[in-house]
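# Notes for the structure review
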Amino acid sequence: MTNKDLENTSPICLRTELRKEFVRRCKVNSAYSMRAYAQFLGVDQSLLSKLMSGQRQISEAVAQKVATKIKIKPSQLAQILQAKHSPASIQYQLLADDEVSLLAEWSHFAILELIKTKKFRFDVKWMAERLGLHSQEIEDSIDRLMRMKFIRIKDDELVLLKPNNNWAN
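To keep things clear, this report deals only with the structure shown in the data block. Since the model is a prediction, treat every value here as computed from it, not as a measurement.

### Topic: the packing of aromatic side chains
Evaluation of the coordinates by the stated rule reveals five aromatic pairs. Within the aromatic cluster, the residues linked to one another by ring pairs are F22, Y32, Y37 and F40. Positioned above the aromatic ring of F40, the side-chain terminus of R25 is 3.8 Å from the ring centre. Over the ring of F40 we find K69; its NZ or CZ atom is 5.7 Å from the centre of that ring.

Structure (structure tokens):
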């Protein structure tokens, strides 16, 4: 199987892809809003917010509608819809994607180091300004670090679960 075959068959999470596209658009235009993104996708802003935060499941009709807008291939959409009926496969794929994203995106390491500073505040906007990132990127990174058990939220504070990480392995 070639890399091209793997690219075409690897399952993706529609929620993650929606968030990635939103962040990409915000990087291009710092004034880009959730309202503008919802309008582009042709969905209600409230619905989009709930879909992206995981508070609501994506229906098949909405999935088909937004997938074409964010250029998800029909074969990938079919995998997304099939995986919807198998939550275990979604969790497994999410963890595998998390491992790759953790190493590929510097924001995770920056957040882990920022937490160690004396003046650290668990405020997404403050962290975004401090690191020069979009607040959605910070939220995604925090979610990923929590899923991978590097951090947790305790008493409205971020707590490092593994303060002395060694990345050599």
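### Describing the layout of surface pockets
Quantified by volume, the second largest pocket comes out at close to 200 Å³. In this structure, the second largest pocket is lined by 14 residues; those nearest its centre are R19, S135, Q136, E139 and D143. Residue assignment for the lining of the second largest pocket shows that the elements contributing at least two residues are helix 2 (14-28), helix 4 (45-53) and helix 10 (135-147). Looking at the lining of the second largest pocket element by element, the count peaks at five residues for helix 10.

### What to know about the packing of helix 3 (residues 34-41) against helix 4
At a minimum axis separation of 9 Å, helix 3 and helix 4 run at an interaxial angle of 100°. When the axis of helix 3 is compared with that of helix 4, the two are roughly perpendicular. Where helix 3 approaches helix 4, its residues M34, R35, Y37, A38 and L41 are matched on the opposing element by Q45, L48 and M52. Split by residue class, the contact of helix 3 with helix 4 holds six nonpolar, one polar and one charged.

### What about helix 5 (residues 60-69)?
When we look at burial in helix 5, the residues that qualify are V62, A63, V66 and A67. Projected down its long axis, helix 5 shows its buried positions confined to an angular sector of 125°, all on one face. Relative to its buried face, helix 5 has exposed residues pointing more than 90 degrees away, namely A61 and T68. Looking one or two places after helix 5, you find K71, whose phi comes out positive at around 60°.

### What to know about the environment of K50
Locating K50 in the fold gives a position in helix 4. Each residue touching K50, except ones within four places of it in the same chain, is listed here: Q55 and R56.

### Quick notes on the pattern of salt bridges
Tallying each qualifying case throughout the model produces eight salt bridges. Among the salt bridges present, the one from D140 reaches R19, with a minimum N-O distance of 2.1 Å. Of this pair, D140 sits in helix 10 while R19 sits in helix 2, and the two are 121 residues apart along the sequence. Relative accessible area serves as the criterion here: at 16%, D140 is assigned to the buried category.

The rules behind the values
Residues numbered from 1 in each chain as written. Predicted model: local features only at pLDDT ≥ 70, side-chain atom pairs only at ≥ 80, totals over all residues. Heavy atoms only, no water. Phe/Tyr/Trp six-rings, centres within 6.5 Å; stacked < 30°, edge-to-face > 60°. Lys NZ or Arg CZ within 6 Å of the ring centre and 35° of its normal. 1 Å grid on protein atoms, 1.4 Å probe; cavity = no way out; pocket = protein on both sides within 12 Å on 5 of 7 lines; lining within 4 Å. Points joined across faces, edges and corners; volume = space filled by probe spheres on them. Helix = DSSP H or I, 4+ residues; strand = E, 2+ residues; numbered from the N terminus. Axes fitted to C-alpha atoms, helices over the stretch in contact; angles between N-to-C directions. Parallel < 35°, antiparallel > 145°, perpendicular 65-115°, else oblique. Contact = heavy atoms within 4.5 Å. Nonpolar A, V, L, I, M, F, W, Y, C, P; charged D, E, K, R; others polar. Buried < 20%, exposed > 50% of the residue type's maximum accessible area, 1.4 Å probe, protein only. Arc of directions from axis to C-beta. Salt bridge = Lys/Arg side-chain N within 4 Å of Asp/Glu carboxyl O.

These figures capture arrangement, not role.
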